[in-house]
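# Tertiary structure, described
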Amino acid sequence: MKIILLGKQGSGKGTQGELISEKYQIPLITAGDLLRKISKEHTSLGKKVKEILNSGKLAPNELTNKIILNEIKSLQSFILDGFPRSMIQALALEKAKIKLDYIFLIDIDDSLAIERLSARRVCSKCKEIYNVITKKPKKQSICDKCKGKLVQRDDDKPDAIKKRLSIFRKETLPVLNLYKKKSIVHIINGEPKPKMVFEDIKKIFKR
């Protein structure tokens with residue numbers, strides 16, 4: 001299966017990607033993680049990507065397209081988390097003749113997106129993700145796995161989140177119109193608990 005997961009920041013699409021990947025043994029490709037990896041490189045490109053991510057803006061399409069297409073070109077099945085985020089990216093997939101099977105839009109309200117992301121913390125060492133409301137570490141600000149310090153990413157702060165939500169509405173939602181013609185778009189309510197959301201996704205697979 002070739003699957004795309006779309007949704008506002010904080011919608012839980014990353015969690016659903018992990019659940020789908022684990023149950024169906026499909027590689028999970030996360031655009032954000034790949035870009036953050038580059039942002040840590042001590043190069044002019046790494047510095048540029050870091051500034052973009054910290055500002056809440058999207059990375060340049062040309063860069064993102066190249067990274068993603070290189071990752072999936074030899075895969076028979078994959079889950080793409082957060083790509084394509086624009087028509088340019090979607091058309092890059094079309095040009096590469098990538099035939100998709102499912103596109104899930106995990107839908108939540110803006111206020112919930114801000115609440116969820118503002119509470120997110122990431123381990124500075126192993127990158128394990130926590131949430132001060134729903135997934136607290138055993139010891140405050142310390143990772144359970146590696147004892148690294150938990151930090152709040154700049155793009156998870158309220159002002160940056162609002163910018164990201166605005167970009168999502170402007171750049172990403174129009175992408176769905178391209179795929180609706182192919183009858184592969186499924187809108188899933190992302191506000192219930194993750195296991196309930198996953199159950200709704202599994203029902204789509206069983207159709």
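Placed above this text is the structure.
Throughout what follows, the structure given in this document is the object of discussion. Bear in mind the structure is a predicted one, so any value in this text is a computation, not a measurement.

The rules behind each value
The written sequence of each chain sets the order in which its residues are numbered from 1. In view of the model being predicted, local features appear only for residues whose pLDDT reaches at least 70, and side-chain atom pairs are presented and counted only at 80 or more, with totals across whole chains, interfaces and linings using the full set of residues. The basis for every side-chain value is the complete set of heavy atoms in the structure, and neither hydrogens nor water enter the calculation. Strands are runs of DSSP state E lasting at least two residues, helices are runs of H or I lasting at least four, and both sets are numbered from the N terminus onward. Atoms counted for the radius of gyration: C-alpha only. Globule rule: 2.2 Å times the number of residues to the power 0.38. Note on classification: 1.4 Å probe, protein chains only; a residue is buried when its accessible area is under 20% of the maximum for its type, exposed when over 50%, partly exposed between these limits. What makes two residues a contact is simply this: any of their non-hydrogen atoms within 4.5 Å. Accessible surface is estimated by sampling points in the Shrake-Rupley manner with a 1.4 Å probe; for residues, cover comes only from the protein chains shown. Pairing between two strands requires that DSSP report at least two bridges joining them. Axis definition: a line fitted to C-alpha atoms, over the contacting stretch in the case of helices. Angles run 0 to 180 degrees between N-to-C directions. Pairing of aromatic rings covers Phe, Tyr and Trp, the last through its six-membered ring, and needs centres within 6.5 Å; plane angles under 30 degrees mean stacked, over 60 mean edge-to-face, and all others mean tilted.

### Concerning the overall build of the protein chain
Counting secondary structure elements, the protein chain contains eight helices and eight strands. Since a compact globule built from 207 residues should have a radius of gyration of about 17 Å, the 17 Å found for the protein chain is in line with a globular shape. Taking all 207 residues of the protein chain together, 45% fall into the buried category. Here the analysis covers contacts within the protein chain between residues at least 6 apart in sequence; of these, 69% occur between residues at least 24 apart. For the protein chain, the exposed area adds up to about 11,900 Å²; of that, 52% sits on carbon and sulfur atoms.

### A few points about the sheet that holds strand β1 (residues 2-7)
Across the sheet, which stays open at both edges, the five strands sit in the order β2-β3-β1-β4-β8 with parallel pairing between neighbours. Strands at the two margins of the open sheet, each flanked by one partner only, are β2 (28-30) and β8 (185-189). Direction aside, neighbouring strands of the sheet carry axes that sit 20 degrees apart on average. Of the pairings in the sheet, the one linking β1 to strand β3 (residues 78-81) comprises four bridges and is parallel in character. Its bridge partner being in β3, Ile3 is matched across the sheet by Ile79.

### Some details on the packing of aromatic side chains
Two measures describe an aromatic ring pair: the distance that separates the ring centres and the angle between the ring planes. All told, the structure shown has four aromatic pairs when counted by the stated rule. For the ring pair Tyr24 and Phe205, a centre distance of 5.1 Å and an interplane angle of 80 degrees mean the geometry is edge-to-face. One end of the pair, Tyr24, is in helix α1 (residues 13-24); the other, Phe205, is in helix α8 (residues 194-205), with 181 residues separating them in the sequence. By relative accessible area, which is 27% here, Tyr24 ends up partly exposed. Owing to a relative accessible area of 14%, Phe205 belongs among the buried residues under this scheme. Here the aromatic rings of Tyr102 and Phe104 are separated by 5.9 Å at their centres, their planes lie at 5 degrees, and the arrangement is stacked. Each of the two residues, Tyr102 as well as Phe104, counts as buried. One aromatic cluster in this structure is built from Tyr24, Tyr102, Phe104 and Phe205.

Everything listed is a geometric property; what it means functionally is a separate question.
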